[in-house]
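These are the residues of each chain, in order.
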Amino acid sequence: MPGKLKAKIVAGRHLPVMDRASDLTDAFVEVKFGNTTFKTDVYPKSLNPQWNSEWFKFEVDDEDLQDEPLQITVLDHDTYSANDAIGKVYIDIDPLLSSEAATVISGWFPIYDTIHGIRGEINVLVKVDLFNDLNRFRQSSCGVKFFCTTSIPRCYRAVMVHGFVEELVVNEDPEYQWIDRIRTPRASNEARQRLISLMSGELQRKIGLKVLEMGGNAVVGYLQCFDLEGESGLVVRAIGTACTLDKISNTYAPASAINPCNSSPSKDTKDSPQAVPSALGCRSTHSSPVHSASSRLSQGFSVSVPTLLFAGMGSGGSAGKEAGPLKALLRQQTQSALEQREFPFFTLTSFPAGFLLHVGGVVSARSVKLLDRIHNPALGNTRSYKLLDWNSFTADEPETRDAWWEEIRQEIKSHAKALGCHAVVGYSESTSICEEVCILSASGTAAVLSSRFMQDGALDMDHRFEDLAPPGCGFCHIPYDELNMPFPAQLTYCHCCRRFKVPDVLFTTIDLPTEANVTGKGCLIQARLCRTKKKAQGEGNATAISNLLPFLEYELHTQLMNKLKLRSMNALFGLRIQISIGENMLLGLASATGVYLTPLPSPGGIQIAGKTPSDITYEQHISNMQKKINDTIAKNKELYEVNPPELVEEVIGSPIPEPRQRSRLFRSHSESSDEVSELDLSHGKKDAFVLEIDDTDAVEDIHSLLTDAPTPPGFYSCNTEIMPGIYNWTSALQMFTSVRVFRLSNVNLTNQGLNKVFNDLCENLLKSLYFKLRSMVPCCLCHLNFTVAVPEDELIQVAVTAVAMSFDKEQTLENGRQSCDKTLMKAITENEEQLQFPLELTAESSSNPLSSAKGLSEVSGALPSARAPSVDYSSFTDRCSSWIEQLRLKAHTIRRGSIKTMSSLEKASPLPEGRSRSLRSNRSYAGGSVAVVKMTPLSFIPGTKIIKYLGIINMFFIRETTSLREEGGVSGFLHSFIAEVFAMVRAHVAALGGNAVVSYSMKECVFMENPNKNQAQCLINVSGDAVIFVRESELEATPPQPQSASTQTSSSGEGT
Amino acid sequence: MTMELDVFVGNTTIIDEEVYQLWLDGFSVADAVKMRLENGALGECEVSGEVLHSDTMDQYRTFQMCERLLHCPSKLANQLLFQIPAHHQAMLIERYYEFDHMFAREVLGKKLSKGTKKDLDDISSKTGIALKSCRRQFDNFKRVFKVVEELKGPLAENVQHHFLLSDLLAKDYAAVVFFANSRFETGKKKLQYLSFQDFAFCACQLISYWTVGAVDNMMDDMDVDLEKEFLHDLKDLKVLVNDKDMLDQHKSLVCSQLRGRIRVFTEMEANFKNLSRALINIASKLTNTKDVRDLFIDLVEKFIEPCRSDKWTAGDLTLFLTHYTSTASTLETFRYQVIWERYMGVVKSCILKMYHD
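What you are looking at is a predicted structure, and each value in this text was computed from that prediction instead of being measured.

Rules of the game
- Residues numbered from 1 in each chain as written.
- Chains lettered and ligands numbered in written order.
- Predicted model: local features only at pLDDT ≥ 70, side-chain atom pairs only at ≥ 80, totals over all residues.
- Heavy atoms only, no water.
- Helix = DSSP H or I, 4+ residues; strand = E, 2+ residues; numbered from the N terminus.
- Buried < 20%, exposed > 50% of the residue type's maximum accessible area, 1.4 Å probe, protein only.
- Areas by Shrake-Rupley, 256 points an atom, 1.4 Å probe, with all protein chains shown as cover.
- Pairing = 2+ DSSP bridges.
- Contact = heavy atoms within 4.5 Å.
- Axes fitted to C-alpha atoms, helices over the stretch in contact; angles between N-to-C directions.
- 1 Å grid on protein atoms, 1.4 Å probe; cavity = no way out; pocket = protein on both sides within 12 Å on 5 of 7 lines; lining within 4 Å.
- Points joined across faces, edges and corners; volume = space filled by probe spheres on them.
- Nonpolar A, V, L, I, M, F, W, Y, C, P; charged D, E, K, R; others polar.
- Expected span 1.5 Å × (residues − 1).
- Parallel < 35°, antiparallel > 145°, perpendicular 65-115°, else oblique.
- Left-handed = near helix turned anticlockwise from the far one by under 90°.
- Core = buried A, V, L, I, M, F, W, Y, C linked by side-chain atoms within 4.5 Å.
- Salt bridge = Lys/Arg side-chain N within 4 Å of Asp/Glu carboxyl O.
- Phe/Tyr/Trp six-rings, centres within 6.5 Å; stacked < 30°, edge-to-face > 60°.
- pLDDT = per-residue confidence, 0-100.

Thoughts on the overall build of chain A
So, step 1. For chain A, the helix and strand inventory stands at 19 helices and 33 strands.
So, step 2. Burial statistics for chain A: of 1056 residues in total, 63% are counted as buried.
So, step 3. When the accessible surface of chain A is totalled, it reaches about 38,000 Å², and 52% of it is carbon and sulfur.

Below is the structure:
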């Protein structure tokens, strides 16, 4: 019995009118945890009730604390009929269970109803008293920290990286239960929300246990996903990287060397890219056979699809040098550390310095499965009764999704081995489900890691190796043996150190290492593909899909290569290939950030060749196209500042590629399913990249190459954390989500037609984003994350979440830049101060009998001193905000002055805030205004330092409407839902005392509509890490007093 | 092939002021897109109509969602749904409550009731302001009226506190509320030449000097009503025209002051008694609600028109009114200086404001 959960309901505000007669509401609150429920008194006839309840105490197991959310229901009391629900708030208690995270949850939460959306707000206080539990055999894993961030979190130091942890939980989907036919949509949605909340809690707890077993204390790169398998159930699965983290005690010391992902990107410039060029290549193998359905599988169908390995390409080189033995040694050594692990996988995408030694290339595996009813192995477990009471379960042979994923992971592991790597980094898993067919995908980057952060690593060896491999190019050096290459590749000597071999092209799923030598800037590169598919059922459908997959992957790969060359770049980072299945089509979207890695050879151009050179007009056409392409390449070189100094190219020991091999691929091979086949994607050596335009595919390729609109001036884009070549970020930040659904009215579309539609959809979306964010120029869209889906027959859905960050145009010397950065930051923070200051006074003056005139004079007296004389205020902002505050101030005096003034507005006066302020001493929220919470998909906020991680945010919402037209149609419906989700995330973060969410992502956005019935439903799952950040400028000013610093930040919100 | 759904939501709500204005002005999305294209304000970013349409739709949706909050501006600051920077909040509120003076002129003094709302399409076609915009402005008037009608204290400040408006706008609202409350006649043909600003100025004068709040703003009374006691006392001013001696004395004092200083001296001399009688009559009748309503039409008919027909200049009028007021105070038998000055101060400035073509 190791915990006591305490909750207090303080007040409500902006409640909806529940009683039409009086235009008021008689609200009360039910607080539920597990099976215990408490109620507050009814606060009659008010839209702003002040319950100010006692502390409700729940004595519970820590296991429950981890699994269960605190459930708060606001109801309208009705004497004669059933009480009407106004809405609910689910609060995840987990952040309170770790001693280092938040200590109290306190703040205004939006009251959410799955049918009506947000309906007012409620002020809640939650605390947990944990008792020490010495029981070794416990089921809970309290205290294990979870991070969505895929790097070592900013204020921690990695002591040890233990490795891969995974878990999945399955259950029946309440939406598909028999009872759903008789219960209301609201009840069904709530059952689903609650179930998923429970399942995520359980999942997290189980993963936590695994981490404790491994001796770790944290999970980094925690990725949790839902598979809504419909009839066959609901799967919640998660992967992550177990670590032992040490809190860096002095958060104010310069970031330790262990942590390369420094919060100030400005520091990155120190190793500013030096230019040295070189040659290129790519290759892939379709190595894995289609596995026949294993006899153990009750599903009856299961196919694993050939997989691509993206690494260097070209023709085989040989000449090995002294690097050979050393590598062998290294491999031996780290192997020992990794061999004990079943899956040497890491979900991290950026690493402590010296951890990532070499990168082999992308490894990925896909498997097509037929879904069947899940037989929950957890059902024998005593806890399952809690989920929902289903009698339909029979503890059958536990054939679970586990086995499927295991298969895939094994495949990935073997691919990595083939690349001479013993580990996979930047690892992720995903699914796409359509009816009963499911594609499971996994991808990562094969890599060689140092044993430094692993058990029994021999440190001295590491150092020796590190000495040999310079940090800026070391990771590019091939991990495999030149003499015994897994595939033919064109190798050159590294253009930086000239000692080791590098491939001609490098594809990875990780972020660009901060120390990498890069020439110029990077850019987003997308390959988009749409393929029609015949409608089919069951096994036939699955076979059809698995037959199409290799082509899809091959073509995506070709597109990526072409586009990369068109931009004169030689490496891709953050590669993410998403394949989505629909009834009658397959969508493929590959996104990555292209860069020019200095150590790698410079890519050749693209040549177009006609097959029938007899016709003059045809020749002309070709030469025109060739010219266009060359022009584009030249333009891109300028745009992305890719101008490596010319070097004499030396291709070592690579046999001259046979001409035939250049742009040919062996398609027939890829279709064979039972033997290991190799799909040679090599397009020949440098300058030999030939597109034959007789080939319809090639026409398409060229088309898509040339239709990509260039980004408008002032804009850059990437899908990774940082944009190479841009360092001087300002603090202007705009996170956004954009969703589009496109209806294909023409059913009989050809592949080309479909492709064009899909391509246009993505391009137009990007154009719209650039237009909307034009005020932020110069800016970069970072972490531009596209998700595609085929929700219905003729619908294509594209969702994007990204952050736009402004930067200073002048790439001046570091000193000048930093100082100007600072003034800018100062300007902003001071603006905040100005805004915050009078607010505080306002709240205080309400209890202070002195007139507000004093407060005002104080404000005006205090301001100039806080303000740096040189700061350039945006005058309008300034005027308005101060002016609004003054108004508020005055409003207060008025209220105080007049005795019996009572209007409905008066009741909404910020009294509740005043209360809560006094309740939580360490946090001061300005009365009346809402603290600003920043959100970003990145793991950092430019110009700031994250001083505390408050816990993981993992929320799942369902919204449904039966009055779609009245809510502004599908767009209106989704617009308000997304806004509501943001609001709820912000509220939770603020209640934890945080002022930002980092590593935010929208992992699921399932939208369904039925316009004929005037109905729509949407499910959204978001996650991220709640943090407290402080501006770096403030840090310098304040002496290291973590406590006071954190208080300061939480009270200072800022506007972007 | 159609875009079924298209949304963009930022963590910080993006607000395009230009689009906001178009929305406020009651343009449809299609018209707004056209205007934006024509304006060419998009400058160097070359965008297609498609992109503009999508952006405009998004913005319009955002505004529609915000509208509910704008009805109660103090809510905008502590709602959680939209994260809007303070300066944008202020802009949203200010612009939402801004109104066309042409429109305000039309409804000035009318009862803010459903009946008037039905006439909005007439006003719309008369003024050329979109009906949607007229409705918003009318609803704003009504909303502000409802909230401040029962409140004590200075009217403009009350408006400002509850609706977080700028000084100027709050004052204009005070005028609208004041006129709607007292139902001053402004619609007569003879008053058509007067603009909203003219009336707003007069309202401001009336509020500042003739209401209870004008004397003592801590009094437990409202700023929207004229002070009854004062109106009653105005009857005493009759002595200025009823007492023959006083009238003559007054006239001679004014004449001696003005001789040679105004061009229309002879006309003034001839008309003095009529003009004086007109002003005093207006004052003495103000105890009747009906006559209060007719204040402006009376001023125009009884005073301004005679002056105008005699071709008085504004300067003439200023001099005349100044001395007309000041000399009365020097009359030995006149005992109502305070009331007189309070009355004439306002009447003088109102007349001067209203004296134009």
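Focus: the sheet that holds strand E12 (residues 234-247) of chain A
Remark on secondary structure: sheet strands pair via backbone hydrogen bonds, oriented parallel or antiparallel.
All names here are of chain A.
So, step 1. Strand order in the open sheet formed by four strands is E9-E11-E12-E10, with mixed pairing between adjacent strands. One side of each edge strand has no neighbouring strand; the edge strands of this open sheet are strand E9 (145-146) and strand E10 (156-171).
So, step 2. Across nine bridges, the pairing between strand E11 (residues 218-228) and E12 is antiparallel. Within the sheet, the bridge partner assigned to Ala218 lies in E12 and is Cys243.
So, step 3. Sitting on the sheet, helix H2 (residues 185-214) touches E9, E10, E11 and E12, and the angle it makes with E10 is about 135 degrees.

Here we look at empty space enclosed by the protein
All names here are of chain A.
So, step 1. Tallied over the full model, the rule gives 14 cavities of 30 Å³ or more.
So, step 2. Every residue lining the largest cavity is counted, 29 residues in all, and those nearest its centre are Tyr90, Asp92, Ser197, Asn954 and Met955.
So, step 3. At the level of elements, helix H1 (62-67), strand E6 (84-92), strand E7 (105-113), H2, strand E31 (944-961) and helix H17 (969-991) are the ones that each hand at least two residues to the lining of the largest cavity.
So, step 4. Taken together, the residues of the lining of the largest cavity break down into 16 nonpolar, eight polar and five charged.

A word on the pairing of strand E3 (residues 36-39) of chain A
Residues and elements named next belong to chain A.
So, step 1. Bridge count between strand E2 (residues 27-33) and E3: four bridges; the pairing is antiparallel. In the sheet register, Glu30 faces E3, and the bridge partner there is Lys39.
So, step 2. What sits between the antiparallel neighbours E2 and E3 is a turn of two residues, in which Gly34 has the positive phi angle 60 degrees.

Side note on helix H11 (residues 167-182) of chain B
Residues and elements named next belong to chain B.
So, step 1. Along its 16 residues, H11 runs 22 Å from first to last C-alpha, staying within 8% of the 22 Å computed at 1.5 Å per residue.
So, step 2. Among the 16 residues in H11, twelve count as buried, and that is most of the element.
So, step 3. Within H11, the full set of buried residues consists of Leu169, Ala170, Asp172, Tyr173, Ala174, Ala175, Val176, Val177, Phe178, Phe179, Ala180 and Ser182.
So, step 4. Where H11 terminates, the next one or two residues include Arg183, which has phi positive at roughly 55 degrees.

Quick notes on the packing of helix H1 (residues 17-24) of chain B against helix H5 (residues 86-97) of chain B
All names here are of chain B.
So, step 1. At a minimum axis distance of 11 Å, the contact between H1 and H5 shows a crossing angle of 25 degrees. Classified by the interaxial angle, the pair formed by H1 and H5 is roughly parallel. When the axes of H1 and H5 are compared, the crossing they make is right-handed. Of the residues in H5, those touching H1 at Glu17, Tyr20, Gln21, Trp23 and Leu24 are His88, Met91, Leu92, Arg95 and Tyr96.
So, step 2. Counted by class, the contact of H1 with H5 contains six nonpolar, two polar and two charged residues.

Some thoughts on the nonpolar core
So, step 1. One finds Leu70, Ile122 and Leu597 of chain A together with Phe320 and Tyr343 of chain B to be the most contacted residues of the largest nonpolar core, which totals 289 residues.
So, step 2. The leading source of residues in this core is H17 of chain A, at 14 residues.
So, step 3. Apart from the residues within four sequence positions on either side, Phe320 of chain B is in contact with Val254, Leu258, Met268, Phe272, Leu275, Phe303 and Trp312 of chain B.
So, step 4. In this structure, Phe758, Leu769, Phe786 and Ala804 of chain A belong to the second largest nonpolar core, which totals 33 residues.

Here we look at the sheet that holds strand E32 (residues 996-1010) of chain A
Residues and elements named next belong to chain A.
So, step 1. A sheet is described by the order of its strands in space; here four strands give the open sequence E30-E32-E33-E31, paired in mixed fashion. The open sheet has two edge strands, strand E30 (934-935) and E31, and neither has a second partner.
So, step 2. Sheet topology places E31 next to strand E33 (residues 1015-1031); 16 bridges connect them, and they run antiparallel. Note that in E33 the partner of Phe956 across the bridge is Asn1021.
So, step 3. Across the sheet, H2 touches E31 and E33, and the angle it forms with E31 is around 145 degrees.

Focus: the pattern of salt bridges
All names here are of chain A.
So, step 1. Taken as a whole and assessed by the stated rule, the structure comprises 43 salt bridges over all chains.
So, step 2. Between Glu167 and Lys210 there is a salt bridge; the shortest N-O distance is 3.5 Å. Taken together, the positions of Glu167 in strand E10 and Lys210 in helix H2 put the pair 43 residues apart, joining distant regions of the chain.
So, step 3. The class of Glu167 is buried, set by a relative accessible area of 15%.
So, step 4. Between Arg531 and Glu555 there is a salt bridge; the shortest N-O distance is 2.4 Å.

Considerations on the side chain of Gln734 of chain A
So, step 1. Within the element layout of this structure, Gln734 of chain A appears in strand E27 (residues 729-743).
So, step 2. The residues touching Gln734 of chain A, leaving out its near neighbours within four places in the chain, are Leu773, Met776, Ala802, Val803 and Ala804 of chain A together with Gly10, Asn11, Thr12 and Ile14 of chain B.

Quick word on the packing of aromatic side chains
Residue and element names in this part refer to chain B.
So, step 1. This model, assessed by the stated rule, comprises 50 aromatic pairs over all chains.
So, step 2. Centroid distance Phe178 to Phe184: 5.7 Å. Interplanar angle 35 degrees. Geometry classified as tilted.
So, step 3. Aromatic pair Phe179 and Phe296: ring centres 5.5 Å apart, planes at 20 degrees, arrangement stacked. Here Phe296 lies in helix H19 (residues 295-309) and Phe179 lies in helix H11, a separation of 117 residues in the sequence. Summarising the burial analysis for this pair, Phe179 and Phe296 share the class buried.
So, step 4. Three or more aromatic residues joined by ring pairs make a cluster, and in this case those are Tyr20, Trp23, Phe63, Tyr96, Tyr97, Phe99, Phe103, Phe141, Phe163, Tyr173 and Phe196.

Observations concerning the side chain of Arg192 of chain A
So, step 1. You can see Arg192 of chain A is positioned in helix H2.
So, step 2. Judged by relative accessible area, Arg192 of chain A falls into the buried class, the value being 4%.

Notes on the pairing of strand E8 (residues 117-130) of chain A
Residues and elements named next belong to chain A.
So, step 1. With ten of 14 residues buried, E8 lies mostly within the body of the structure.
So, step 2. Bridge count for strand E1 (residues 3-13) against E8 is ten bridges, and the pairing is antiparallel. When the sheet's bridge partners are listed, Lys4 is paired in E8 with Asp129.
So, step 3. Here E7 folds back onto E8 in antiparallel fashion, the turn holding three residues.

Concerning the environment of Leu795 of chain A
So, step 1. With respect to the helices, strands and loops of the structure, Leu795 of chain A is situated in strand E29 (residues 795-807).
So, step 2. With 432 residues separating them in the primary sequence, Leu795 of chain A and Val363 of chain A have C-alpha atoms 30 Å apart.
So, step 3. Ignoring sequence-local partners within four residues, the contact set of Leu795 of chain A consists of Met585, Val741, Phe742, Arg743, Ala789, Val790 and Glu1009 of chain A together with Glu4 of chain B.

Overview of the confidence of the model for chain A
All names here are of chain A.
So, step 1. For chain A, per-residue confidence averages 71 on the pLDDT scale, and residues scoring 70 or more make up 64% of the total.
So, step 2. The model gives residues 889-927 a pLDDT under 50, and that stretch makes 79 contacts with residues more than four places away or in other chains.
So, step 3. Below a pLDDT of 50 lies the segment residues 1039-1056, which in the model reaches 39 contacts outside its immediate sequence neighbourhood of four places, other chains included.

A word on the environment of Ser195 of chain B
So, step 1. Tracing the backbone through its elements, the reader meets Ser195 of chain B in the loop between H11 and helix H12 (196-210).
So, step 2. Along the sequence, Ser195 of chain B and Glu227 of chain B sit 32 residues apart, while their C-alpha atoms lie 26 Å from each other.

So, unusual backbone geometry
So, step 1. The residue after Val777 of chain A, namely Pro778 of chain A, is reached through a cis peptide bond having omega -5 degrees.
So, step 2. Not every positive phi belongs to a glycine, and Glu435 of chain A is a case in point at roughly 55 degrees.
So, step 3. Tracing the sequence through the fold places Glu435 of chain A in the loop between strand E16 (423-434) and strand E17 (437-449).
So, step 4. The exposed category is assigned to Glu435 of chain A, whose relative accessible area is 56%.
So, step 5. One non-glycine residue, Leu164 of chain B, adopts positive backbone phi at about 50 degrees.
So, step 6. With respect to the helices and strands, Leu164 of chain B occurs in the loop between helix H10 (155-163) and H11.

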